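Examination of the molecular architecture
Given next are the chains, with one letter for each unit.
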Amino acid sequence: MNLTNIGTVKDILGRHGFNFSKGLGQNFLINPDICPKIAEMGNAREGYGVLEIGTGIGVLTKELALRADKVSAVEIDTRLMPVLDETLKEFDNIKIYNEDVMKADLHKIISEDFAGLRAAVCANLPYYITSPVIMLLLESHLPIDSITVMVQKEAAQRLCAKVGSRESGAITVGVNYYGTVKQLFGVSRGSFMPSPNVDSAVIRIDIDREQRLSPEEEKFFFRMVKAGFSQRRKTLANSLCSMLGIAKNDVYTSLSDLGISESVRIEALTMEQLMALTKVLMNYSK
Ligand code: SAM
């Protein structure tokens, strides 16, 4: 069954009485070139189990299952279950979980379904939760080698920005803390049904599982990063003072110990400075 043929897709969806949900970010891929590329560049190969988030009608799921040993996919929309039973019926290496990815036990899925295999994540992410999903995948320390995802072009720019640059955000710091990120290729809005208002891009995060901070430090690091970027126009001292309750003088002392200006904004700090600041500031937050 060709899931990139518009006629075929309309026929399946029509027979199942399916209407697209904008709220769930349902823009399905219909450009035949994209899914094979995501699968090939996203570690879908022998020896791997691939976790997919958001199957839609299974167009990417199928390409992943053709290449990887196993595919487990989490899809929130119950209406898609009978559709997937039909579109993926010829595969015996796919398992679908009808769950919200934000609530699913991803550790359990990976350890049980992919025992003895390496693991990777591939997805055309629902745009309304791009950053929360990426942060969830990273912060839960899943035993995965890579995360290859389609995101909106603007989100890709932020994800791939340099830490310490104006274009960076909390998510930039997150991906660079856990690994390295790069943009693989752009995807035009016409590649989807229905077509969204923006173009997209596929990025890959290669995970570096070396622990750079202790679990306690890591928790504080992300509280600080999220607080700093949520008020990015303020100086770091002001936002840490108001959001983390650290006395302004203690922030000033910490910054000056590290040779950083008191008026610095979080977006100007490098990864090394952010980690060093975490270690110093933690002493004041207890
Ligand atoms: N992979 C398909 C494709 O490329 O055509 C569908 C991608 S579509 C952009 C996003 C998919 O994620 C939709 O099928 C949507 O129902 C699903 N989704 C949305 N929110 C979700 C959530 N919280 N947990 C799991 N799946 C979700």
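As the structure is a prediction and not an experimental result, all values here were calculated from the model.

Quick word on the overall build of the chain
- Helices and strands together make up the secondary structure of the chain, namely 12 helices and nine strands.
- For 286 residues, the compact-globule estimate of 2.2 N^0.38 gives 19 Å, and the C-alpha radius of gyration of the chain, at 21 Å, lies within 12% of that figure.
- Reported as C-alpha extents along the three principal axes, the dimensions of the chain are approximately 65 × 40 × 30 Å.
- Each of the 286 residues in the chain was classed as buried or not, and the buried ones make up 52%.
- Partitioning the contacts of the chain with sequence separation of at least 6, the portion at a separation of at least 24 is 69%.

A closer look at unusual backbone geometry
- Following Met 193, the chain continues to Pro 194 via a peptide bond in cis, the omega torsion being -10°.
- Examined against the element boundaries, Pro 194 turns out to sit in the loop between strand 8 (192-193) and strand 9 (200-207).
- Positive phi values are uncommon outside glycine, yet Asn 43 reaches one of about 75°.
- Along the chain, the position of Asn 43 falls in the loop between helix 2 (34-41) and strand 2 (48-53).
- A positive phi is found at His 141, a non-glycine position, where the angle reads about 50°.

Some remarks on the side chain of Asp 113
- Within the secondary structure, Asp 113 sits in helix 5 (residues 106-113).
- Engagement of the side chain of Asp 113 in a polar contact is seen with the side chain of Tyr 97, the distance being 2.6 Å.
- Beyond its immediate sequence surroundings of up to four residues, Asp 113 is in contact with Lys 70, Ser 72, Lys 95, Tyr 97 and Lys 108.

Examining the nonpolar core
- Leu 106, Ile 134, Ile 147 and Phe 221 are the most contacted members of the largest nonpolar core, which totals 63 residues.
- The element best represented in this core is helix 9 (residues 215-230), accounting for seven residues.
- A domain-level breakdown of this core finds at least three residues from each of domain 1 (6-207) and domain 2 (215-281).
- Residues in contact with Phe 221, not counting those within four places in the same chain, are Val 173, Tyr 177, Leu 213, Met 271, Leu 274, Met 275 and Thr 278.
- Leu 13, Leu 60, Met 81 and Phe 91 belong to the second largest nonpolar core, which has 37 residues in total.

Some points on the side chain of Ser 254
- On the secondary structure map, Ser 254 appears in helix 11 (residues 248-257).
- Residue contacts for Ser 254: discarding those within four places in its chain leaves Leu 277, Val 280, Leu 281 and Tyr 284.

Section: helix 5
- Of the positions making up helix 5, those classed as buried are Leu 106, Ile 109, Ile 110 and Asp 113. For helix 5, the angular spread of buried residues about the axis comes to 95°, placing them on one side.
- On the buried face of helix 5, the contacting elements are strand 2, strand 3 (70-74), strand 4 (94-97), strand 5 (118-124) and helix 6 (130-139).

Side note on the site of the ligand
- Lining the immediate environment of the ligand, one finds 24 residues, of which Leu 29, Gly 54, Glu 75, Asn 124 and Tyr 128 sit closest.
- Between the ligand and Gly 54 there is a distance of 2.9 Å, counted from a nitrogen atom to a backbone nitrogen or oxygen.
- Looking at the shell around the ligand residue by residue, the classes come out as 12 nonpolar, seven polar and five charged.

The rules behind each value
Residues numbered from 1 in each chain as written. Predicted model: local features only at pLDDT ≥ 70, side-chain atom pairs only at ≥ 80, totals over all residues. Heavy atoms only, no water. Helix = DSSP H or I, 4+ residues; strand = E, 2+ residues; numbered from the N terminus. Rg over C-alpha atoms; globule rule 2.2 N^0.38 Å. Buried < 20%, exposed > 50% of the residue type's maximum accessible area, 1.4 Å probe, protein only. Contact = heavy atoms within 4.5 Å. Polar contact = N/O pair within 3.5 Å; in protein donor to acceptor, adjacent residues only side chain to side chain. Core = buried A, V, L, I, M, F, W, Y, C linked by side-chain atoms within 4.5 Å. Domains from an automatic or database assignment. Arc of directions from axis to C-beta. Near = heavy atom within 4 Å. Nonpolar A, V, L, I, M, F, W, Y, C, P; charged D, E, K, R; others polar.

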